[in-house]
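Single-letter residue listing:
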Amino acid sequence: MMDAAEMEWARSVVESMYADHPELYDRYGERGREKCLEDNLHHVRHLRTCYELQDARFFVDYARWLDGILRAHGMETEHLLDNFRRMLDTVASVSSLSAAERTWYTSCLHQACEMLRVRQEG
């Protein structure tokens, strides 16, 4: 179950993305921002499940699937990469995660970013 610190982590990532890329709001509006938060909450849930399963492929497969969905809706792989990089940069600040969870989430996010980077390069 997601706790308040994990929810705040998701919110902070979205705030950071929209602060650095105001064109996202111009393009997608408030509904896009809400959808982005929803997506980030899904990212956190998938990371939690991946940790519980001790299966990093679960998160990498999720990232591959999500990238396809987002690209079909006009987003670019770079948007998801940016999102995951922001999660990587801030995972250490999620106070409710154990050291083992932080390490696992970091590894999964790194693997997903690498898969997306390779995919992006074609």
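Residues numbered from 1 in each chain as written. Predicted model: local features only at pLDDT ≥ 70, side-chain atom pairs only at ≥ 80, totals over all residues. Heavy atoms only, no water.

## What to know about helix 1 (residues 4-20)
- When the terminal C-alpha atoms of helix 1 are compared, their 24 Å separation across 17 residues agrees well with the 24 Å that a helix rising 1.5 Å per residue should span.
- Within the span of helix 1, buried status applies to Glu6, Trp9, Ala10, Val13, Val14, Met17 and Tyr18. For helix 1, the angular spread of the buried residues around the axis is 160 degrees, confining them to a single face. Away from the buried face of helix 1 by more than 90 degrees, exposed residues Ala4 and Ala19 are located.
- Residues of helix 1 that are buried sit in contact with helix 2 (22-53), helix 4 (77-90) and helix 5 (99-121).
- The opening residue of helix 1 is Asp3, an N-cap whose side-chain oxygen sits 3.1 Å from the backbone nitrogen of Ala5. (Helix = DSSP H or I, 4+ residues; strand = E, 2+ residues; numbered from the N terminus. Expected span 1.5 Å × (residues − 1). Buried < 20%, exposed > 50% of the residue type's maximum accessible area, 1.4 Å probe, protein only. Arc of directions from axis to C-beta. Contact = heavy atoms within 4.5 Å. Polar contact = N/O pair within 3.5 Å; in protein donor to acceptor, adjacent residues only side chain to side chain.)

## Notes on the side chain of Asp82
- Note on placement: Asp82 falls in helix 4.
- Ignoring any residue separated from it by four or fewer positions in sequence, one finds Asp82 in contact with Met17 and His21.

## So, unusual backbone geometry
- Within the chain, Gln54 stands out as a residue other than glycine whose phi angle is a positive 55 degrees.
- Among the secondary structure elements, Gln54 is positioned in the loop between helix 2 and helix 3 (56-72).

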